[in-house]
Amino acid sequence: MNIENYGYYIINTLVYLAIAVGMKHLLNIKAANYFNADEQMSDGNLALAIRRGGVQFGLAIAMIGVMGGQSSADFMTDLGMTVFYGLVAAGFMIFSLLVTDKLVLPSVNNTKEIGKGNVALSCVEFGTLVMTGILAYASITGDQGGILSSLAYFVAGQIMLVLLVLAYEKIFQAKLNPAKKVAEGNVAAGIYLGGKIIAYGLILQSAITGGDIPETFSSAAIELISTAVAGMILLYIFEYLIDVVIVTSSTVKDILEKNQVVQSIQLSISKISVALILGMAIL
């Protein structure tokens, strides 16, 4: 890598940091009705740290997509596009928090709960923010990039996220109700649901970036929906297998009902690992 490339990445990293700082202040203003964010951080509010970390990590993943997209011969044009798409990605992060608050966990005020230190809820937010970053990365990078495709895949991803949570609760885990347990502060449930969302995002990302570019909107929609449904089913099947052969000391029911954080971490990481491999099958 030559000096010019080093300079390019340093400048793009500075753009990322500037946007991340702006998002931090924006979220601080949004939370001001419930708590002082800086004071909460000083007092050791882990839930707030996880939310901030999710925003920053998701934004960084999206920015990789920005830098990996097509470039022009003009540095200032590339810089302008980096700033523009970075701000678009920041908007995605903010909207993702709204979706989590109003549709994924509608029974509680997420920001208020973060101020109370609800780590379980912040783990779900972390999952949705990372998923949003993954989808932004997939839709912006390479030849399939563009503002319209980015917006379309973002909206589709958020819809799939809500449908995933609702379907999983109603069909597979109706009695356990992990979303309700998250609202009650069950950390294992938060890790479990957040991990599932990240795994789901990895599969959707592969549907966006894999294969040939769809010729029509309808074919793209059919491909994404079919991949989403297949991904949900495969994740459920492999979750069962992981539960049997890896997390042998507990079942999912035990993890959620007994708030078994250690087992939930192991199960979630295993699901994300499986999703990485399943995603390669789609590419």
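Above this note sits the structure.
In this text, all values refer to a predicted model and were calculated from it rather than measured experimentally.

1. Here we look at the overall build of the protein chain
And then number 1: Along its length, the protein chain carries 12 helices and 0 strands.
And then number 2: Going from N to C terminus, the protein chain has its helices and strands arranged as α-α-α-α-α-α-α-α-α-α-α-α.
And then number 3: Here the protein chain displays about 13400 Å² of accessible surface, and carbon together with sulfur accounts for 66% of that area.

2. What about the packing of helix H4 (residues 75-104) against helix H6 (residues 119-140)?
And then number 1: At a closest axis distance of 9 Å, the pairing of H4 and H6 adopts a crossing angle of 140 degrees. Regarding the angle of H4 to H6, the classification is oblique. By crossing handedness, the relation of H4 to H6 is classed as right-handed. Residues Tyr85, Phe92, Met93, Ser96, Leu97, Thr100 and Val104 of H4 form the contact with H6, whose participating residues are Val124, Glu125, Thr128, Leu129, Thr132, Gly133, Ala136 and Ile140.
And then number 2: Class assignment for the residues of the contact of H4 with H6 results in 9 nonpolar, 5 polar and 1 charged.

3. A closer look at the packing of aromatic side chains
And then number 1: Enumeration over the complete set of coordinates arrives at 2 aromatic pairs.
And then number 2: Considering the side-chain rings of phenylalanine 57 and phenylalanine 126, the 6.3 Å spacing of their centres and the 20 degrees angle between planes classify their relative orientation as stacked. Highlighted residues: phenylalanine 57 in helix H3 (residues 46-68) and phenylalanine 126 in helix H6, separated in sequence by 69 residues.
And then number 3: On the basis of relative accessible area, phenylalanine 57 is assigned to the partly exposed category, the value being 42%.
And then number 4: When the ring of phenylalanine 84 is compared with that of tyrosine 85, the centres are 5.3 Å apart and the planes differ by 75 degrees; the resulting orientation is edge-to-face.

4. Focus: H6
And then number 1: If you check H6, its first and last C-alpha atoms are 31 Å apart, about what 22 residues at 1.5 Å a residue would give, namely 32 Å.
And then number 2: With 20 of 22 residues buried, H6 is to be regarded as a mostly interior element.
And then number 3: N-cap assignment for H6: the residue whose side-chain oxygen lies 3.2 Å from the backbone N of alanine 120 is asparagine 118.

5. Concerning a nonpolar patch on the surface
And then number 1: Together, Ile225, Val229, Ile233, Leu234, Tyr236, Ile237, Phe238, Tyr240, Leu241, Val244, Val245 and Ile246 make up a nonpolar patch on the protein surface, roughly 1000 Å² of accessible area in all.
And then number 2: Topologically, valine 229 is positioned in helix H10 (residues 217-245).
And then number 3: By relative accessible area, valine 229 is classed as partly exposed at 43%.

6. Remarks on the pattern of salt bridges
And then number 1: By the definition in use, this model includes 4 salt bridges.
And then number 2: Between aspartate 38 and arginine 52 there is a salt bridge, with the nearest N and O atoms lying 3.6 Å from each other. Here aspartate 38 is found in helix H2 (residues 37-42), whereas its partner arginine 52 is found in helix H3, with 14 residues between them in sequence.
And then number 3: Judged by relative accessible area, aspartate 38 falls into the partly exposed class, the value being 44%.
And then number 4: Between glutamate 125 and arginine 51 there is a salt bridge, and its shortest N-O distance comes to 2.8 Å. Placement of glutamate 125 in helix H6 and of arginine 51 in helix H3 is noted, with a sequence separation of 74 residues between them. Across the pair, exposure class does not vary: glutamate 125 and arginine 51 are buried alike.

7. A closer look at the environment of tyrosine 192
And then number 1: The topology assignment puts tyrosine 192 in helix H9 (residues 187-209).
And then number 2: The buried category is assigned to tyrosine 192, whose relative accessible area is 0%.
And then number 3: Separated by 14 residues in the primary sequence, tyrosine 192 and proline 178 have C-alpha atoms spaced 8.3 Å apart.

8. Comments concerning the side chain of glutamate 125
And then number 1: Exposure remark for glutamate 125: the relative accessible area of 0% places this residue in the buried category.
And then number 2: Ignoring anything within four residues of it in the chain, the contact list for glutamate 125 reads Arg51, Leu97, Thr100, Asn110 and Ile114.

9. A short note on unusual backbone geometry
And then number 1: Within the chain, asparagine 259 stands out as a residue other than glycine whose phi angle is a positive 55 degrees.
And then number 2: Relative accessible area serves as the criterion here: at 33%, asparagine 259 is assigned to the partly exposed category.

10. Quick word on the nonpolar core
And then number 1: Counting 62 residues, the largest nonpolar core has Val104, Val182, Tyr200 and Leu204 as its most contacted members.
And then number 2: For this core, the leading source of residues is H9, giving 14 residues.
And then number 3: Leaving out residues up to four positions away in the same chain, valine 182 has contacts with Leu105, Asn118, Ala120, Leu121, Val124, Ala189, Gly190 and Leu193.
And then number 4: Of all hydrophobic cores here, the second largest spans 22 residues; its members include Val15, Tyr85, Val88 and Ala90.

11. Concerning the environment of lysine 253
And then number 1: Topologically, lysine 253 is positioned in helix H11 (residues 252-257).
And then number 2: Residue lysine 253 is classed as partly exposed on the basis of its relative accessible area of 47%.
And then number 3: Lysine 253 sits 77 residues away from leucine 176 along the chain, and the two C-alpha atoms are 7.0 Å apart.

About the criteria used
Residues numbered from 1 in each chain as written. Predicted model: local features only at pLDDT ≥ 70, side-chain atom pairs only at ≥ 80, totals over all residues. Heavy atoms only, no water. Helix = DSSP H or I, 4+ residues; strand = E, 2+ residues; numbered from the N terminus. Areas by Shrake-Rupley, 256 points an atom, 1.4 Å probe, with all protein chains shown as cover. Axes fitted to C-alpha atoms, helices over the stretch in contact; angles between N-to-C directions. Parallel < 35°, antiparallel > 145°, perpendicular 65-115°, else oblique. Left-handed = near helix turned anticlockwise from the far one by under 90°. Contact = heavy atoms within 4.5 Å. Nonpolar A, V, L, I, M, F, W, Y, C, P; charged D, E, K, R; others polar. Phe/Tyr/Trp six-rings, centres within 6.5 Å; stacked < 30°, edge-to-face > 60°. Buried < 20%, exposed > 50% of the residue type's maximum accessible area, 1.4 Å probe, protein only. Expected span 1.5 Å × (residues − 1). Polar contact = N/O pair within 3.5 Å; in protein donor to acceptor, adjacent residues only side chain to side chain. Patch = residues over 30% accessible without salt bridge, like charges linked within 9 Å, V, L, I, M, F, W, Y side chains within 5 Å. Salt bridge = Lys/Arg side-chain N within 4 Å of Asp/Glu carboxyl O. Core = buried A, V, L, I, M, F, W, Y, C linked by side-chain atoms within 4.5 Å.

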